[in-house]
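Given next are the chains, with one letter for each unit.
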Amino acid sequence: MIKLLEILRFTGCGIGVFLAYYYGENPEEILRIMTPWFVGSVAGLSAVEGFFFSKEAATEKGFEKGSNYQRQNAFWFLAVAVTSLTIFIADWNEYANLSLVCVFCTFLLLSAANHLYSMIVDRNTRWQNVIRPLFTVLLMLVFWGPVSAILFK
């Protein structure tokens, strides 16, 4: 199930990029479309994973099982996913999207550093630890275009 959730995360992000660049006519629209797909796919499915498959997810990543921090992390993911959908549905402006994207990307960057640390220091070379830093860089690159266009207009 954990691998399926991982595939769904990547698929959701890919659909979001396609839809954003297909329907978005300017950086604000691209960001507006892409944000709920990315945040919803990554954070929303991570919340599902944390609430319903926490032991399997911890085993897959080589982390401790059943900690309160794991559940707290799932609540954080849920809050970010719900906020992303709220911003999209309520049609808040691009600065609401920018704020959410900045917080989300900062968290993912720190999470990637944690996975990299675990890989190097703890010699935990599970797939999640190896791939997380790479996919975080890809995520940053995908958001760079619309974010920089809005910030530096």
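What counts, and at which threshold
- Residues numbered from 1 in each chain as written.
- Predicted model: local features only at pLDDT ≥ 70, side-chain atom pairs only at ≥ 80, totals over all residues.
- Heavy atoms only, no water.
- Salt bridge = Lys/Arg side-chain N within 4 Å of Asp/Glu carboxyl O.
- Helix = DSSP H or I, 4+ residues; strand = E, 2+ residues; numbered from the N terminus.
- Buried < 20%, exposed > 50% of the residue type's maximum accessible area, 1.4 Å probe, protein only.
- Core = buried A, V, L, I, M, F, W, Y, C linked by side-chain atoms within 4.5 Å.
- Contact = heavy atoms within 4.5 Å.

Applying the stated criterion across every chain yields a total of five salt bridges. Note that R9 is salt-bridged to E6, the shortest N-O span being 2.8 Å. Taken together, the residues span about one helical turn, with R9 and E6 both in helix α1 (residues 2-23) at a distance of three residues. A relative accessible area of 10% places E6 in the buried class.

The biggest cluster of nonpolar side chains holds 26 residues, and the ones touching the most others in it are L31, A43, F104, L139 and F143. If you list the elements that add at least two residues to this core, you get α1, α2 (27-52), α4 (68-90), α5 (94-121) and α6 (127-151). Examining the composition of this core, we find that nine residues originate from one element, α2, more than from any other. If near-sequence neighbours (up to four positions away) are discounted, F104 is found in contact with V39, V42, A43, W76, V80 and L139. Counting five residues, the second largest nonpolar core, distinct from the first, contains I2, L5, L45 and F53.

At D91, a position not held by glycine, the phi torsion is positive, near 55°. By secondary structure assignment, the location of D91 is in the loop between α4 and α5. For R123, which is not glycine, the phi dihedral falls at a positive 55°. Among the secondary structure elements, R123 is positioned in the loop between α5 and α6. Among the residues examined, R123 registers a relative accessible area of 70% and is labelled exposed.

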